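# Structural characterization, general
So you can see what is in the structure, the chains are spelled out below.
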Amino acid sequence: MITVANPALHTVAFTQMKDGSTEEYLFLQKLEHGYVRALPDRLLLALHRLGDSLEGYQVSRLEHSLQAATRAEADGADLETIVAALLHDLGDELAPENHSQFAAALIRPYVRAEVTWVVEMHGLFQMQYYSHHYGLPNDGYLAYRDHPWFAACCRFCERYDQASFDPHYPSKPLAYFEPMLRKVFARPPFDPLILKESE
């Protein structure tokens, strides 16, 4: 039995998920596929919003992100790392206390495990540069010194993140990085060949 309530409005009839029909769920799946394909558009909008967030620095969070991505590319980083640098602080707006984990969750389906780990841990590793000014330990990252991606996270923080607060640095514009972002997020999610731990 077809339970679509109002085809003109494109809605299903069920009010509890357990009552939905196969036809309804196929209908929703089709809509969801389109929504997922539009994720890069929403990410670009979210990056634009970083232009008005977290005052006090000489650069906006958007400029910081563009600068980090520009530095990563100039350093010879691969596509995944450049996009990770672009998105690493995207959680600052909605998840300020766990922004690293927020950004890692966004990229996890589309990049190798190493890049996800670096983004997830960058908040802790970044504390080595400033947390002592608050009377807090700045060596927590050393607990991971034996981790295989320890050096990669140190490099990410030293070369791309902590260095990217310079208002005079010639960052490339967001439009430059848009094709890179779209290429990464056009990948099949959770593809084992992409998520493999090492290249």
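Before reading further, recall that the structure is shown in the block above.
This is a predicted model, so every value here is computed, not measured.

### A closer look at the pattern of salt bridges
- As enumerated under the stated definition, the model contains 13 salt bridges in all.
- Asp41 is the salt-bridge partner of Arg182, the closest N and O atoms lying 2.5 Å from each other. Highlighted residues: Arg182 in helix H8 (residues 174-185) and Asp41 in helix H2 (residues 39-49), separated in sequence by 141 residues.
- Overall, Arg182 belongs to the partly exposed group, its relative accessible area being 30%.
- Across the pair Arg159 and Asp75 runs a salt bridge, and its minimum N-O distance is 2.8 Å. Highlighted residues: Arg159 in helix H7 (residues 150-161) and Asp75 in the loop between helix H3 (61-74) and helix H4 (79-87), separated in sequence by 84 residues.
- Salt bridges sharing partners connect three or more residues here, namely Asp78, Glu80, Arg112, Glu114 and Arg187.

### Considerations on the nonpolar core
- By size, the foremost hydrophobic cluster in this structure holds 43 residues, and its most contacted members are Leu47, Leu86, Leu87, Ile107, Phe125, Leu181 and Phe185.
- Contributions of two or more residues to this core are made by H2, H3, H4, helix H5 (99-107), helix H6 (113-126), H7 and H8.
- In contact with Phe185, not counting residues within four places along its chain, are Leu39, Pro40, Leu43, Val83, Leu87, Leu106, Ile107 and Tyr110.

### Let's talk about the layout of surface pockets
- In this structure, the largest pocket occupies an estimated 620 Å³ of space.
- Forming the boundary of the largest pocket are 25 residues, of which Tyr57, Arg61, His99, Gln126 and Tyr130 lie nearest the centre.
- Elements represented by at least two residues in the lining of the largest pocket include exactly H3, H5 and H6.
- Counting residues per element, the lining of the largest pocket draws most heavily on H6, at six residues.
- Among the residues making up the lining of the largest pocket, the classes are represented as 10 nonpolar, nine polar and six charged.
- Considering only enclosed or pocket space, the second largest pocket measures out at about 190 Å³ in volume.
- Looking at the second largest pocket, the residues that line it are Asp75, Gly76, Ala77, Thr81, Arg112, Glu114, Val115, Val118, Ala152, Arg155, Phe156 and Tyr160.
- Elements with a minimum of two residues in the lining of the second largest pocket: H6 and H7.
- When residues of the lining of the second largest pocket are assigned to their parent elements, the largest contribution, four residues, is made by H7.
- Taken together, the residues of the lining of the second largest pocket sort by class into six nonpolar, two polar and four charged.

Reading the values: the criteria
- Residues numbered from 1 in each chain as written.
- Predicted model: local features only at pLDDT ≥ 70, side-chain atom pairs only at ≥ 80, totals over all residues.
- Heavy atoms only, no water.
- Salt bridge = Lys/Arg side-chain N within 4 Å of Asp/Glu carboxyl O.
- Helix = DSSP H or I, 4+ residues; strand = E, 2+ residues; numbered from the N terminus.
- Buried < 20%, exposed > 50% of the residue type's maximum accessible area, 1.4 Å probe, protein only.
- Core = buried A, V, L, I, M, F, W, Y, C linked by side-chain atoms within 4.5 Å.
- Contact = heavy atoms within 4.5 Å.
- 1 Å grid on protein atoms, 1.4 Å probe; cavity = no way out; pocket = protein on both sides within 12 Å on 5 of 7 lines; lining within 4 Å.
- Points joined across faces, edges and corners; volume = space filled by probe spheres on them.
- Nonpolar A, V, L, I, M, F, W, Y, C, P; charged D, E, K, R; others polar.

By themselves, these figures tell us nothing about what the structure is for.
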